[in-house]
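These are the residues of each chain, in order.
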Amino acid sequence: MSRTIKIFDTTLRDGEQSPGCSMNLNEKIEVAKQLEALKVDIIEAGFAAASPGDAAAIAAIADTVRGATICSLARSVDKDIEAAYNAIRRAESARIHTFIATSPVHMEYKLKMTPDEVIESIAHSVSYAKSFCSDVEFSAEDATRTDLDFLCRVVETAIKAGATTINIPDTVTMIGTECFKGCTALKTVNFGENSQVTKIGDSCFAESGLESIVLPASFTKFGYGSSYSTNVSSYGKQFLNCKSLKSVEFKGKLEVICGYVFQGCEALESIDIPASVTTIGNSSFLDCKSLSKVTINSSGDLVIGSNAFKNSAVESVTIPKGTTKIDSNAFNGCEKLTSVDFAAGTEAMTLGTSVFEGCKALTSIALPDRVTEIPNYAFRYDSALETVTFNKVTKIGKGAFSGTESLKSVTLPATLTAIASDAFLNSGLESITIPKGTTSIDENVFAGCSSLATFKVEDGNTKYGVNIGALVEISGGVSKIIALPCGLKGVLTVPEGTVLGGYALNGMSGITQVILPEGTTKIEANAFRFSKVTSVVIPSTVTEIGNSAFRDSSITSIVIPASVTTIGDHAFRNSSITSIVIPASVTTIG
């Protein structure tokens, strides 16, 4: 079946609206003659209702040009249609081009009409135009942001009313929501040389068969929703789960990649992010399992959102100097990541929770001085990590280096004031020196460090010290054991004036019995939790067994002295206890 392609030229109507392109009557006629010589099929000569001058120019062109259809634009209003007909009626071939907006935002805020009212207007205006002219064109203004089902209804109504040509324009230079979603046979998209596309709607190409795309120079932002929000947490999903998409190129000064744009693009191998980009949104490249090469060229301020490259195949990355935030899980699960470099910069940088967690090939990292806090779980399970440098850090977060089994040593900076719980849990540390300015070390920080034989505390630190080789917290003349050195076996006799802190025995598999000193009044919360101790000698001075004191422990039997009055919540929960005698002195069991 053959088809005919007709050229519709709107230079004299839409083109004249371009800055510096306004024409007088003689110039319009001259352009019309040139279009006639070029064998253009339809010449849209103007908008007759816009002004008497426009109407006169259209009429003059209709009188002059032969061999082409002369067209006038008209809103879906009777007086516009009448003005259009009066201007083109002497043409050899005449057309009325009527239009109305059909997108939700235009109907509600510009027209202030309901969808049904718009349908009624289309039926009336097309049929009214048809009463004057056999050739009627209808356009759905802002069609690419129009609900697809409603657009079908619009087109059907126009055709039934007599329209001979239907136009689906991208009025606001936007490709609409889910426009090509699920088009699995769609392999390529080509934008015209002078494309003016500035917006690509939510999930526009999601789950399509796209293999490559070059985005035009006019396109600068991936956004979301009717307001086209472009913040880091917006979720545009423009290319979500395009599993065949291998290459993406940006021609323009792209500023924003909002959330989820390329999530699940499993074939995407590389991405070159332009210098103009200020935002890489949440989950923007999540699960891009072939994405091995990432180049971030941003030259100004940059935020990298949460999960941005999570579970990708990125092998190395350079963080630009203007980066102010790398949010939670940004590179979590990047198991092939071997190198992270930070360009020299001066602005403070914030790292999010689990930012490099699970980067199992990462062997070293040097955090810049503008990073002052290592967040929770930042390098957890980075099993190959051997070297870490951080010179200005004041706090190490919970579980920050948990499971870093290749990390044998680390130099804690003089700026460090706090180490949160589980910070080095199950790491490969062999020795550690606590700086003199450190004033807070939480429980379980060094638990499970089976090679940690030596604790040192710098001179001048009055909060912490070393006693029987153990790291202790000193308060009111009492030393609380925070962590014990590896290798202890058999019986642990706790010195007088010393208590066991929470989780102090966690990971100490060689200790089978603990003898607490006379004068001990309380067994601290979590003191024996997760321990392999089977026997404890409790002195008659103890009055309280703290919350979860023996929880999840291997304790099998215990003699509680008559001095004890309180047994805390969860004290023996999930322990191996086989029998116990509660003395009459106990008044409270949690």
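Look up a bit, the structure's there.
Keep in mind that this is a model prediction, so the values were computed, not measured.

Cut-offs and rules
- Per chain, the residues get numbers from 1 upward, laid out in the order the sequence is written.
- The predicted nature of this model means local features are confined to residues of pLDDT at least 70 and side-chain atom pairs, given and counted, to a pLDDT of 80 or more, with totals for whole chains, interfaces and linings taken over all residues.
- Side-chain measures here rest on the full set of heavy atoms in the structure, leaving out hydrogens and waters.
- What counts as a helix is a DSSP run of H or I of at least four residues, what counts as a strand is a run of E of at least two, and both are numbered from the N terminus.
- Atoms counted for the radius of gyration: C-alpha only. Globule rule: 2.2 Å times the number of residues to the power 0.38.
- Relative accessibility under 20% of the residue-type maximum defines a buried residue, over 50% an exposed one, and the middle range a partly exposed one, all with a 1.4 Å probe and only protein chains included.
- Contact definition: two residues touch when any of their heavy atoms are within 4.5 Å.
- The distinction between a cavity and a pocket rests on a 1 Å grid over the protein atoms alone: a 1.4 Å probe fits inside a cavity but cannot get out, while a pocket stays open yet meets protein on both sides within 12 Å along at least five of seven lines, and a residue with an atom within 4 Å of a point counts as lining.
- Grid points are joined across faces, edges and corners, and a volume is the space filled by probe spheres set on the points.
- Each residue gets one label: Ala, Val, Leu, Ile, Met, Phe, Trp, Tyr, Cys and Pro are nonpolar, Asp, Glu, Lys and Arg are charged, and the others, such as Gly, are polar.
- Only strands that DSSP links by at least two bridges are regarded as paired with each other.
- Under this scheme, a helix contributes an axis fitted over its contacting stretch, all axes are lines through C-alpha atoms, and angles between N-to-C directions fall in the 0 to 180 degree range.
- Here, a salt bridge means any side-chain nitrogen of Lys or Arg that lies within 4 Å of a carboxyl oxygen of Asp or Glu.
- Helix crossings fall into two classes, left-handed where the near helix is turned counterclockwise from the far one by less than a right angle and right-handed where it is turned clockwise.
- Every helix has an expected span of 1.5 Å times one less than the residues it contains.
- Regarding the arc, it is the one traced by the directions from the helix axis to the C-beta atoms.
- Whenever a pair of cysteine sulfur atoms sits within 2.5 Å, that pair is classed as a disulfide.
- Identification of polar contacts relies on pairs of N or O atoms within 3.5 Å, with a donor-acceptor requirement for protein atoms, meaning one able to donate a hydrogen and the other able to accept it, and with residues adjacent in sequence counted only if both atoms are side-chain atoms.

Moving on, we come to the overall build of the protein. A tally of helices and strands in the protein yields 6 helices and 41 strands. Taking 2.2 N^0.38 as the reference for a compact globule, 590 residues should give roughly 25 Å; the C-alpha atoms of the protein span a radius of gyration of 37 Å, well beyond that estimate. Principal axes of the C-alpha set define a box for the protein whose edges measure 115 × 50 × 45 Å. Buried positions account for 51% of the 590 residues belonging to the protein. Summarising the internal contacts of the protein: among those between residues at least 6 apart in sequence, 42% fall at separations of at least 24.

In this section: the layout of surface pockets. Volume-wise, the second largest pocket comes out at about 470 Å³. If you trace the second largest pocket, you find 21 residues lining it, with Thr144, Arg145, Thr146, Gly176 and Thr177 closest to the centre. Taken together, the elements giving at least two residues each to the lining of the second largest pocket come down to α4 (104-111) and α6 (148-161). Classifying every residue of the lining of the second largest pocket by side-chain character gives 9 nonpolar, 7 polar and 5 charged.

Next up on the list: the sheet that holds strand β32 (residues 490-493). Read from one edge to the other, the open sheet built from 3 strands follows the order β32-β34-β36, with strand pairing classed as parallel. Strands at the two margins of the open sheet, each flanked by one partner only, are β32 and β36 (535-537). Geometrically, the sheet is characterised by an average inter-axis angle of 20° between neighbouring strands, direction not taken into account. Relative to β36, strand β34 (residues 511-515) is paired through 3 bridges, and the arrangement is parallel. Looking at β36, one finds that Val514 is bridged to Val536.

Moving on, we come to the pattern of salt bridges. Considering all chains together, one arrives at 18 salt bridges under this definition. Arg95 is the salt-bridge partner of Asp135, the closest N and O atoms lying 3.0 Å from each other. Taken as a pair, Asp135 in the loop between α5 (115-130) and β5 (136-141) and Arg95 in strand β4 (residues 94-101) lie far apart in primary sequence, 40 residues in all. For Asp135, a relative accessible area of 16% translates into the label buried. Assessed through its relative accessible area of 7%, Arg95 is described here as buried. The salt bridge partner of Glu255 is Lys221, with a shortest N-O separation of 3.7 Å.

This paragraph deals with empty space enclosed by the protein. Rolled over the atoms, a probe as big as a water molecule pinpoints where empty space is left. Summed over the entire model, instances satisfying the criterion amount to 1 cavity of 30 Å³ or more. What the largest cavity holds in volume is close to 60 Å³. Forming the walls of the largest cavity are Val494, Thr498, Val499, Leu500, Leu516, Pro517, Thr520, Lys522, Ile523, Glu524, Ala527 and Phe528. Those elements that provide at least two residues to the lining of the largest cavity are β33 (498-500) and β35 (522-523). No other element matches β33, which puts 3 residues into the lining of the largest cavity.

Turning to unusual backbone geometry, a few remarks are in order. A positive phi angle, near 60°, is found at Lys237, a position not held by glycine. Structurally, Lys237 is set in the loop between β10 (212-215) and β11 (247-250). The phi torsion at Asn444 lies on the positive side, around 70°, for a residue other than glycine. Along the chain, the position of Asn444 falls in the loop between β27 (440-441) and β28 (454-457).

Attention now goes to the packing of helix α1 (residues 25-37) against helix α2 (residues 52-64). The geometry of α1 relative to α2 is characterised by a closest axis approach of 10 Å and an angle of 40° between their N-to-C directions. The crossing of α1 and α2 is right-handed. The residues of α2 that touch α1, namely those facing Leu25, Lys28, Ile29, Ala32 and Lys33, are Asp54, Ala56, Ala57, Ala60, Ile61 and Thr64. Partitioned by chemical class, the residues of the contact of α1 with α2 number 7 nonpolar, 1 polar and 3 charged.

Turning our attention to α5. Given a rise of 1.5 Å per residue, 16 residues ought to cover 22 Å, and the 23 Å separating the end C-alpha atoms of α5 matches this to within 8%. Taken together, the buried positions of α5 are Val118, Ile119, Ser121, Ile122, Ser125, Val126 and Ala129. Along the long axis of α5, the arc covered by the buried residues comes to 160°, so they all point the same way. Here the buried face of α5 lies against α3 (78-88), β4, α4, β5 and α6.

A few words on the side chain of Thr404. For Thr404, the location among the structural elements is in the loop between β24 (395-396) and β25 (418-419). When sequence neighbours within four positions are dropped, the list of residues in contact with Thr404 reads Phe379, Asp382, Leu385, Asn426, Ser427 and Gly428.

Once that is clear, we can look at the sheet that holds strand β39 (residues 566-567). Sheet architecture is open: 4 strands sit in the order β35-β37-β39-β41, paired in parallel fashion. Two strands bound the open sheet, and with one partner strand each, they are β35 and β41 (588-589). In this structure, β39 lies alongside β41, joined through 2 bridges in parallel fashion. Its bridge partner lying in β41, Ile567 is registered against Ile589.

Let us now look at the pairing of strand β30 (residues 470-475). One face of the sheet, then the other: side chains in a regular strand alternate in exactly this way. Here strand β29 (residues 464-467) pairs with β30 via 4 bridges, running antiparallel. Residue pairing across strands places Val466 opposite Leu471, the latter belonging to β30. In this antiparallel pair of consecutive strands, β29 and β30, the connection spans 2 residues, and Ile468 shows a positive phi of 45°. Bridging between β30 and strand β31 (residues 478-483) involves 5 bridges; their strand directions are antiparallel. Each residue of the ladder has a partner; that of Ser475, found in β31, is Val478. Hairpin geometry of β30 and β31 is characterised by an intervening segment of 2 residues between the two adjacent antiparallel strands and by a positive phi of about 60° at Gly476.

With that settled, consider the state of the cysteines. Summed over all chains, the structure comprises 0 disulfides. Cys179 takes part in no disulfide bond, and the closest cysteine sulfur to it belongs to Cys204, at a distance of 5.0 Å. By relative accessible area, Cys179 is classed as partly exposed at 37%. Residue Cys359 stays outside any disulfide, its sulfur separated by 5.2 Å from that of Cys334, the closest cysteine.

A few words now on α6. Given a rise of 1.5 Å per residue, 14 residues ought to cover 20 Å, and the 20 Å separating the end C-alpha atoms of α6 matches this to within 8%. Along α6, the positions that sit buried rather than exposed are Phe150, Leu151, Val154, Val155, Thr157, Ala158 and Ala161. Projected onto a plane normal to the axis of α6, the buried residues spread over an arc of 160° and lie on a single side. Structural note: α6 exposes Leu148, Asp149 and Lys160 on the side pointing more than 90 degrees away from its buried face. A side-chain oxygen of the first residue of α6 lies 3.2 Å from the backbone nitrogen of Asp149; this N-cap is Asp147.

Such coordinate-based values are descriptive only and should not be taken to indicate function.
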